[in-house]
Amino acid sequence: MTTLTVAAVLLGGTLAGCGGASPAPPPSPSAPATASASAAAKKPPTMAPGPAGRTPVFSRRAAGGGGAEKVVALTFDADMTADQGPRAKAGERFDNPELIALLRRLKVPSTVFMTGRWAEEYPAQAKGIGADDLFEVANHSYSHYAFTADCYGLPAVGKDAMARDVARAFSAFRQAGVRNVVPYFRFPGGCYDEAALRALTPANVTAVQWDVVSGDAFATDAGAVAEQVLDGVRPGSLVVMHCTRSAAPVTGEAIGRIVPELRKRGYRFVKVSELMEG
């Protein structure tokens, strides 16, 4: 998990997750109902539930014998809390269309972990991301509230409301017309415990963490972000970044350095679903 300061979270409020396969279980009402024709033909891989049905957690591809394949998954959190509407109306940008456009130009398959509140605020962008086969959309909760009692100062979701919160985010995706939705969930702040894993069992999702923290949240030095990612990536890595302009303003510039260098090193970019499948 990351080492964000409480001060940073209180300043931005939305990016506390910046820096902590077996057959798919049967679908549940809270799982995404919309998907592209190609996704329908091949279900995204998920992990088998843990002991007592607890939600499984995935953070990177395990190293295989004979040398691990040089693949890496870049993931981007689209964060917005339920109470940040007034800030958005006042002009604060919680989106980053320039970053999404850059990923398209560079042809980088990516997974976007989106909050339901973000999809409500930017429905056209959410729909556009979900309609592009370059991307897949995963669940980052409805309003980026914490799933543990002590998580970087974030308000907490009650245990009995956690599965409903995840379902509400999936519902927001459907309302926005988002396709290419996968049954993956990222805990706000990366904070979870055994009680949260048990509470999310009805949501029928695989939790997705990371092994490389980009440090892009609140960063002003794109070079430092790029260096941190390039130093941390190993075959099978999963990187956490953000697509929220106001709180991660240099992510696009960092991506412009990270992608060419990793390709030069022989890496291939994949979505989380492909990383998990391997």
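The structure we're discussing is the one just above.
Just so you know, these numbers come straight off a predicted model, no measurement behind them.

A word on the overall build of the protein chain
Of the regular secondary structure elements, the protein chain holds 11 helices and 9 strands. Out of the 278 residues in the protein chain, the part that is buried amounts to 55%. Of the roughly 11,000 Å² of accessible surface on the protein chain, a fraction of 55% belongs to carbon and sulfur atoms.

Side note on helix α10 (residues 251-264)
Given a rise of 1.5 Å per residue, 14 residues ought to cover 20 Å, and the 20 Å separating the end C-alpha atoms of α10 matches this to within 8%. By the burial criterion, the buried members of α10 are Thr251, Gly252, Ala254, Ile255, Ile258, Val259 and Leu262. Down the axis, α10 shows its buried residues gathered within 140 degrees of arc, on one side only. Next to the buried residues of α10 lie β2 (71-78), α4 (97-106), α9 (222-232), β8 (237-242) and β9 (268-269). Among the residues trailing α10, Gly266 stands out with phi positive, at a value near 95 degrees.

A word on the side chain of Thr115
Along the chain, Thr115 falls in the loop between β3 (110-114) and α5 (116-121). Accessibility expressed as a relative area gives 0% for Thr115, which makes it buried. Dropping the residues within four chain positions of it, Thr115 is found in contact with Ala78, Asp79, Met80, His140, Ser141, Tyr142, His144 and Phe173.

Here's the deal with the packing of aromatic side chains
For the coordinates displayed, the defined rule picks out 6 aromatic pairs. Look at Phe170 and Phe173: their rings are 6.0 Å apart centre to centre, the planes differ by 85 degrees, and that puts the pair in the edge-to-face class. In this pair, Phe170 and Phe173 both sit in helix α7 (residues 162-176), 3 residues apart, roughly one turn of the helix. Side by side, Phe170 and Phe173 carry an identical accessibility label, which is buried. Centroid distance Phe185 to Phe187: 5.0 Å. Interplanar angle 80 degrees. Geometry classified as edge-to-face. Across this residue pair, the class does not change: Phe185 and Phe187 are buried. An aromatic cluster is built from Phe147, Phe185, Phe187 and Tyr192, whose rings are joined through pairwise contacts. If you follow Arg168 out to its NZ or CZ, it ends over the ring of Tyr142, 3.7 Å from the centre.

A few points about α9
Burial in α9 covers these residues: Ala222, Gly223, Val225, Ala226, Val229 and Leu230. The buried side chains of α9 occupy one side of the element, clustering within an arc of 160 degrees when seen end-on. Those residues of α9 that are buried are in contact with β7 (212-213), β8 and α10.

Brief notes about the nonpolar core
Counting 59 residues, the largest nonpolar core has Met114, Trp118, Phe147 and Ile255 as its most contacted members. Setting aside chain neighbours within four positions, we find Met114 in contact with Ala78, Ala119, Ala126, Ile129, Val137, Ala138, Asn139, His140, Ser141 and Phe173. Val71, Ala138, Tyr184 and Val213 belong to the second largest nonpolar core, which has 16 residues in total.

Describing the pairing of β2
Burial within β2 is extensive, with 8 of its 8 residues counted as buried. Side chains Val71, Ala73, Thr75 and Asp77 project from β2 onto one buried face, and the interleaved Val72, Leu74, Phe76 and Ala78 project onto a second face that is buried too. In the sheet, β2 pairs with β9 via 2 bridges, with the strands oriented parallel. Its bridge partner being in β9, Val71 is matched across the sheet by Arg268. Pairing of β2 with β8 involves 6 bridges; the strand directions are parallel.

Each value, and the rule that gives it
Residues numbered from 1 in each chain as written. Predicted model: local features only at pLDDT ≥ 70, side-chain atom pairs only at ≥ 80, totals over all residues. Heavy atoms only, no water. Helix = DSSP H or I, 4+ residues; strand = E, 2+ residues; numbered from the N terminus. Buried < 20%, exposed > 50% of the residue type's maximum accessible area, 1.4 Å probe, protein only. Areas by Shrake-Rupley, 256 points an atom, 1.4 Å probe, with all protein chains shown as cover. Expected span 1.5 Å × (residues − 1). Arc of directions from axis to C-beta. Contact = heavy atoms within 4.5 Å. Phe/Tyr/Trp six-rings, centres within 6.5 Å; stacked < 30°, edge-to-face > 60°. Lys NZ or Arg CZ within 6 Å of the ring centre and 35° of its normal. Core = buried A, V, L, I, M, F, W, Y, C linked by side-chain atoms within 4.5 Å. Pairing = 2+ DSSP bridges.

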